[in-house]
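Examining the three-dimensional arrangement
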Amino acid sequence: MRVLLVGAGGVGTAITRIAARRTFFDLMVVADYDLGRAEAAVTALGTASSRFHAEHVDAGDEAEVAALLRRHECDVLLNATDPRFVMTLFQAARSAGASYLDMAMSLSRPHPERPYAECGVKLGDAQFSQAEDWAKDGALALVGMGVEPGLSDVFARYAADELFDEIEEIGVRDGANLTVDGYDFAPSFNIWTTIEECLNPPVVYEADRGWFTTAPFSEPEVFDFPEGIGEVECVNVEHEEVLLVPRWIDARRVTFKYGLGREFIETLRTLHLLGLDRTDPVTVRGADGPVAVSPRDVVAACLPDPATLGERMRGKTCAGTWVRGVKDGAPREVYLYHVVDNEWSMAEYGSQAVVWQTAVNPVVALELLATGAWSGSGVLGPEAFPARVFLDLLTEYGSPWGMREH
């Protein structure tokens, strides 16, 4: 397998460090708009860098990405950029005849009149609209294959296949007890993406109603996370799992709730109130005259790069899927989860916990595709594939998952 990895930020760099220990691929081209960043990711691998090659690429230029895929005869494009570039890279892969894999799906747009009641354009709609064409070509786009979405969806498939006869509700619950020394506010993941998913209308699925939206931060609940993390307040947030799970799994209700914390929620609300979450440019004075800038990009530039915070971070992060239903005629409730301790991920890989936890899952998926354990065509989510082989290989990577009966 020959892989084009687009994006050499925190997650992309972690992907290279994880993949360097595996033998399933022949070449990984690490491409970024900032060539120096791509080169740094490769150089950091030391003697393991012989199967890696750094390139410059503009992720917003479909023709340039497709040409890079063809030049290096890559079989698959792994997208480690933010969601703004999903459709460009998705289409570049198809035009070059490569498979495609991402960790976040095409962007949503709220309903113009009833944003907190009805869906407008949903996450992934732009990709699923091309599913028939991908299937007709025998090509595969594996979408939403990070940790959330990704591993959380694998957990949902596993629960449906092996743990339940009927499922009442599937609820992804994400929480952490991470702190960052020296910062009062320092998100542990890409702030551009965090603002997007947290301030958009959250989507909920119910079998008798379909997909619908609620207000941001709705339905707060306190969830007790395992391995010492403890109780964290979680709220509804827009996320891909709610759009993916019902396509392949029969469940009466699907939700996603994120343990943001009261301070984080209030900060996001303030950004929204001030218009600093906007992505459309505003004109400001610059040293050489007026400059058009995106307020959200300014916010991101003012905050520390999450990839650089590992040495200052303390604690654990947990991604998991809570499932309630019936097995053998009796009620059952479980939480399938994956916990990463920042101290471990920094010592073992030099990557902070949140980006490492995101990065490991697409590498596992690539290996399953390379060996043929996973195969298919069309635009498919993680739920479309057998779960047990993924979970077994994740454990082999040295990062086991857990299950708690409620």
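Before going into details, it helps to say that this report is about the structure given with it. In this text, all values refer to a predicted model and were calculated from it rather than measured experimentally.

The rules we used
Residues numbered from 1 in each chain as written. Predicted model: local features only at pLDDT ≥ 70, side-chain atom pairs only at ≥ 80, totals over all residues. Heavy atoms only, no water. Buried < 20%, exposed > 50% of the residue type's maximum accessible area, 1.4 Å probe, protein only. Helix = DSSP H or I, 4+ residues; strand = E, 2+ residues; numbered from the N terminus. Contact = heavy atoms within 4.5 Å. Core = buried A, V, L, I, M, F, W, Y, C linked by side-chain atoms within 4.5 Å. Patch = residues over 30% accessible without salt bridge, like charges linked within 9 Å, V, L, I, M, F, W, Y side chains within 5 Å. Areas by Shrake-Rupley, 256 points an atom, 1.4 Å probe, with all protein chains shown as cover. Salt bridge = Lys/Arg side-chain N within 4 Å of Asp/Glu carboxyl O.

1. A closer look at helix α9 (residues 240–248)
With seven of nine residues buried, α9 lies mostly within the body of the structure. Every buried residue of α9 is listed here: E240, E241, V242, L243, L244, V245 and P246. Looking at the buried positions of α9, the neighbouring elements they touch are α5 (125–128), α7 (151–163), β7 (166–176), β9 (203–206), β10 (210–213) and β13 (253–258).

2. Details of the environment of H72
For H72, the position within the fold is in the loop between α3 (62–71) and β4 (76–79). For H72, a relative accessible area of 12% translates into the label buried. Remark: the alpha-carbon pair of H72 and L27, spanning 45 residues in sequence, is separated by 8.8 Å. Those residues in contact with H72 that lie beyond four places of it in its chain are R2, L27, V29, H53 and E55.

3. Looking at the nonpolar core
Formed by 91 residues in total, the largest nonpolar core has its most connected members in I15, M28, V30, F52, L260, W374 and F390. Looking at this core, the element that brings in the most residues is helix α13 (residues 353–371), giving 11 residues. Apart from residues lying up to four places away in sequence, M28 is in contact with V3, L5, I15, T16, A19, R51, F52 and H53.

4. Regarding a nonpolar patch on the surface
On the surface, L273, L274 and L276 cluster together to form a nonpolar patch covering roughly 320 Å² of accessible area. Note that L276 resides in the loop between α10 (262–273) and β14 (282–286).

5. Overview of the pattern of salt bridges
Opposite charge on two side chains lets them pair, provided their charged atoms get close. If you walk through the whole model with that rule in mind, you get 30 salt bridges. Residue E367 is joined to R22 by a salt bridge in which the shortest nitrogen-to-oxygen separation is 2.9 Å. One end of the pair, E367, is in helix α13; the other, R22, is in the loop between α1 (10–19) and β2 (27–32), with 345 residues separating them in the sequence. Per residue, the accessibility class of E367 equals that of R22, and both read buried. Here E221 ties to K257 by a salt bridge, and the two come within 3.0 Å at their closest N and O atoms. Of this pair, E221 sits in strand β11 (residues 221–225) while K257 sits in strand β13, and the two are 36 residues apart along the sequence. On the basis of relative accessibility, which here comes to 25%, the residue E221 falls in the partly exposed class. By relative accessible area, K257 is classed as buried at 5%. Each of the salt bridges in this network shares a partner with another, and the network as a whole consists of E169, R173, E206, E219, E221, R253, K257 and R324.

6. Re unusual backbone geometry
The residue after E148, namely P149, is reached through a cis peptide bond having omega 0°. Tracing the backbone shows P149 in the loop between β6 (140–142) and α7. The backbone of E73 shows a phi angle near 50°, a positive value even though the residue is not glycine.

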